[in-house]
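# Examining the three-dimensional arrangement
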Amino acid sequence: MTIVKPLASVAAIALAFTAIPATAQSMQHMNHNSIQPETTLNISATSSVSAAPDIAYLSGGVTTEARTAAEAIRQNAADMAGVYAALERAGLEEANIQTSNFSLNPRYNYPQNSERVLVGYTASNQLRVTVRDMDKVGGVIDAMVAQGGNTFSGVQFGVEDPSELLDEARRDAMRDAMSRANLFADVSGLSVARIVTISENTQSAPSPQPVMMRAAAMEAAPTQISGGELSFSATVNVVFELED
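This brings us to the overall build of the protein. A count of helical and extended segments in the protein gives three helices and eleven strands. Listing the helices and strands of the protein from first to last along the sequence gives β-β-β-β-β-α-β-β-α-β-α-β-β-β. Within the protein, buried positions represent 35% of all 244 residues. Across the protein, every contact between residues at least 6 apart in sequence was considered, and the portion connecting residues at least 24 apart equals 75%.

Here is the structure:
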């Protein structure tokens, strides 16, 4: 309790108390003349749900080296034609194949105590491929490599429509917040009068799976890709008004 004496010598008293467990909820008793509720309880609650992925995003393509820029581009285009044909045979529609990067860069040697020497060019054409049949992910990678693909930077999994999963997390988080509000009110000899405000944060956590490989490694056995589970979480921040 803090007593403040203004210049007019009129005493104003403000009472406040706070309950702060690990999840950071607080309860405040406001001034009677405040437009805010006299006693409020702030609670933050988080809930997470898990689900298997139903979509995968592959990042890979072709990188070629040649003495001239024209030859590097020509070889790259020839190998990419095979990659596109493999993706078509795998049943992927054109809408699920997107160029993510195309580059052509010179390559230099740097002799000691001498100027750099141009030795050739590197052409790179990389794709982002969307696969909706999880059983085909490894096979699509194998098909791309068999037809000229020689660079892969990873596989990322996701849930195409996570709205129901997020709603489930929201409901669980809100039920937790309300249960804890009733607990704090009961311990304080009060009751929950109403909810003043609600805000939320949502987050999905797909896990990128690195798939760094060389074409030679693909010859031994089919590529095994595991999607595991993804976590979707929702956090609600709720302000409750308490009453006697």
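Take the confidence of the model for the protein next. In this model, the protein carries an average pLDDT of 82, and 77% of its residues clear a pLDDT of 70 or more. Across the protein, the secondary-structure element scoring lowest on mean pLDDT is strand E2 (residues 12–14), at 31, and the one scoring highest is strand E7 (residues 117–131), at 97. Note that pLDDT drops below 50 for residues 1–24; the model gives that stretch 28 contacts with residues more than four away or on any other chain. Below a pLDDT of 50 lies the segment residues 207–218, which in the model reaches 27 contacts outside its immediate sequence neighbourhood of four places, other chains included.

The first and last C-alpha atoms of helix H3 (residues 163–187) sit 36 Å apart over 25 residues, in line with the 36 Å expected at 1.5 Å per residue. Of the positions making up H3, those classed as buried are Leu165, Leu166, Ala169, Ala173, Met174, Ala177, Arg180, Ala181, Phe184 and Ala185. Glycine 189 occupies a position one or two residues after H3 and carries a positive phi of about 75 degrees.

A word on the environment of isoleucine 97. Along the chain, isoleucine 97 turns up in strand E6 (residues 97–109). Sequence spacing of isoleucine 97 and valine 131 is 34 residues, and the spatial spacing of their C-alpha atoms is 9.3 Å. Isoleucine 97 has contacts with Tyr84, Leu87, Leu92, Leu127 and Arg128, leaving out every residue within four places of it along the chain.

With that out of the way, let us pick up the nonpolar core. Counting 28 residues, the largest nonpolar core has Leu58, Leu87 and Val129 as the members making the most contacts within it. Looking at this core, the elements with two or more residues in it are strand E4 (39–51), strand E5 (55–66), helix H1 (69–89), E7, helix H2 (137–146), strand E8 (151–158), H3 and strand E11 (230–243). With five residues, the single largest contributor to this core is H2. In this structure leucine 87 touches Leu92, Ile97, Leu127, Val129, Val140 and Met144, once residues within four positions along its chain are discounted. Ile43, Val236, Val238 and Phe240 belong to the second-largest nonpolar core, a separate cluster that totals 14 residues.

Here we come to the packing of aromatic side chains. One pass over the full model with this rule turns up one aromatic pair. A cation sits over an aromatic face here: arginine 116 above tyrosine 108, 4.0 Å from the ring centre.

Together, Met178, Ile195 and Ile198 give the surface a local cluster of nonpolar side chains, amounting to about 250 Å² of exposed area. Structurally, isoleucine 198 can be placed in strand E9 (residues 191–205).

Moving on: the pattern of salt bridges. Overall, the coordinates contain eight salt bridges when judged by the stated rule. A salt bridge links glutamate 200 to arginine 170, with the shortest nitrogen-to-oxygen separation between them at 2.9 Å. Linking glutamate 200 in strand E9 with arginine 170 in helix H3, this pair joins segments that are 30 residues apart in sequence. Judged by its relative accessible area of 39%, glutamate 200 is partly exposed.

Here is what the cut-offs are and how they apply
- All residue numbers refer to position in the chain's written sequence, counted from 1.
- It should be noted that, the model being predicted, local features are given only for residues of pLDDT at least 70 and side-chain atom pairs only at 80 or more, the latter also being counted only at that level, while totals for whole chains, interfaces and linings use all residues.
- Calculation of side-chain values draws on the structure's entire complement of heavy atoms; hydrogens and water are dropped beforehand.
- Numbering of helices and strands starts at the N terminus; helices are DSSP runs of H or I of at least 4 residues and strands are runs of E of at least 2.
- With a 1.4 Å probe rolled over the protein chains alone, any residue whose accessible area is under 20% of its type maximum counts as buried; one over 50% counts as exposed, and the rest are partly exposed.
- Here a residue-residue contact requires only that any non-hydrogen atoms of the pair lie within 4.5 Å.
- pLDDT measures the predictor's confidence residue by residue and takes values from 0 up to 100.
- The length a helix should cover is 1.5 Å for every residue beyond the first.
- Here the nonpolar core consists of buried residues drawn from Ala, Val, Leu, Ile, Met, Phe, Trp, Tyr and Cys, with membership extended through side-chain atoms lying within 4.5 Å.
- Each Phe, Tyr or Trp ring (for Trp, its six-membered ring) is paired with any other whose centre lies within 6.5 Å, and the angle between the two planes then decides the class: stacked below 30 degrees, edge-to-face above 60, tilted in between.
- We call a charge positioned over a ring when the NZ of a Lys or the CZ of an Arg lies within 6 Å of the ring centre and within 35 degrees of the ring normal.
- Residues enter patches when they are more than 30% accessible in relative terms and free of salt bridges; like-charged ones are connected within 9 Å and nonpolar ones (Val, Leu, Ile, Met, Phe, Trp, Tyr) within 5 Å.
- Surface accessibility in these figures is a Shrake-Rupley result with a 1.4 Å probe; residues are shielded only by whichever protein chains are displayed.
- Just to be clear on terms, a salt bridge is a Lys or Arg side-chain nitrogen sitting within 4 Å of an Asp or Glu carboxyl oxygen.

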